[in-house]
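# Understanding the architecture of this molecule
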Amino acid sequence: MSDIRVLVVEDEPVASAAHAAYVGRLEGFTLAGTAPDGQSALRLLSEFVASGDPVELVLLDMNLPDLHGLDIARRMRAAGILADIIAITAVRELAIVRSAVAIGVVQYLIKPFTYATFADKLASYRLFRQQLASPEPGSKKTGASQSDVDQAFASLRAPSEMPLPKGLSISTLESVQEFMKGRSEAVSATEVMEALGMSRVTARRYLEYLADAGTASRAPRYGTPGRPENEYRWSGR
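Residues numbered from 1 in each chain as written. Predicted model: local features only at pLDDT ≥ 70, side-chain atom pairs only at ≥ 80, totals over all residues. Heavy atoms only, no water.

## A closer look at the sheet that holds strand β6 (residues 187–188)
Taken in spatial order, the three strands of this open sheet run β6-β8-β7, and their pairing is antiparallel. Two strands close off the open sheet at either side, each with one partner strand: β6 and β7 (216–221). In terms of strand pairing, β6 meets strand β8 (residues 229–234) through two bridges, oriented antiparallel. Each residue of the ladder has a partner; that of V187, found in β8, is Y232. In the packing of helix α9 (residues 200–212) onto the sheet, contacts are made with β6, β7 and β8, and the angle to β8 comes to roughly 50°. (Pairing = 2+ DSSP bridges. Helix = DSSP H or I, 4+ residues; strand = E, 2+ residues; numbered from the N terminus. Contact = heavy atoms within 4.5 Å. Axes fitted to C-alpha atoms, helices over the stretch in contact; angles between N-to-C directions.)

Printed below as a string of structure tokens:
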């Protein structure tokens, strides 16, 4: 089975670079390109089809500057672009999730996530593709059995663990995320500590986790007294 060509569609530069780097680390996948908005994504997908080297998988953010991810998926299908879609987003509304499944989104990755979770989802997707691949030339097999189909979909829908690093909790992580979303400027570990009543070391661990997951950007904060400190800005959706 040849490498699966992937298009990353993400408007946040930090997250886009992270997802592109993740694809580059995975065996069996090739990054075909990145797009910062829906119109660019649709144009690239059409160009790849016209070139005879179509994209087979789109990693699609649901909230883009010009089009919603669901609209992009519908336009892809209307144009005859049959690439599979994995939604990579912080959108959790059940109505959106149901609509995504209804228009053919095969996997749903909720930000923030680790590289291990990303790799697990794409490995499951590749196994799904392998199990439903066209038979080898000369093979007597012409179709899929019920067992073949069941195994393929079982691999695609297999649950994956999304463990946080030891000592971190989902509830506190969500509190840090909400605090960052409510601030137009970048925040430091000290500011999170004071706002949420945790130690500076703990606050920094949550901020570093979000930065590593690609949903927050990290940069040195200059011009402040005392020890050097990083600042973090929410970049997820």
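And the narrative resumes.
## Structural notes on the pairing of strand β4 (residues 84–89)
Where burial is concerned, most of β4 is hidden: six out of the six residues are buried. Of the two faces of β4, the one carrying D84, I86 and I88 and the one carrying I85, A87 and T89 are both buried. As judged from the four bridges shared by strand β3 (residues 57–60) and β4, these two strands associate in the parallel manner. Bridged to V58 within β4 is I85. Where β4 lies against strand β5 (residues 105–110), five bridges are found, and the strand directions are parallel. Across the sheet, the residue bridging to A87 is Y108, located in β5. (Buried < 20%, exposed > 50% of the residue type's maximum accessible area, 1.4 Å probe, protein only.)

## Observations concerning the packing of aromatic side chains
For any pair of aromatic rings, the description rests on two quantities: the centre-to-centre distance and the angle between the ring planes. For the coordinates displayed, the defined rule picks out three aromatic pairs. With centroids separated by 5.1 Å and ring planes inclined at 65°, the aromatic side chains of Y22 and Y115 adopt a geometry described as edge-to-face. Here Y115 lies in helix α5 (residues 115–131) and Y22 lies in helix α1 (residues 13–25), a separation of 93 residues in the sequence. When the ring centre of F48 is taken as reference, the NZ or CZ atom of R5 above it lies at 4.9 Å. R25 extends its terminal NZ or CZ atom over the ring of Y115, reaching a point 3.7 Å from the ring centre. (Phe/Tyr/Trp six-rings, centres within 6.5 Å; stacked < 30°, edge-to-face > 60°. Lys NZ or Arg CZ within 6 Å of the ring centre and 35° of its normal.)

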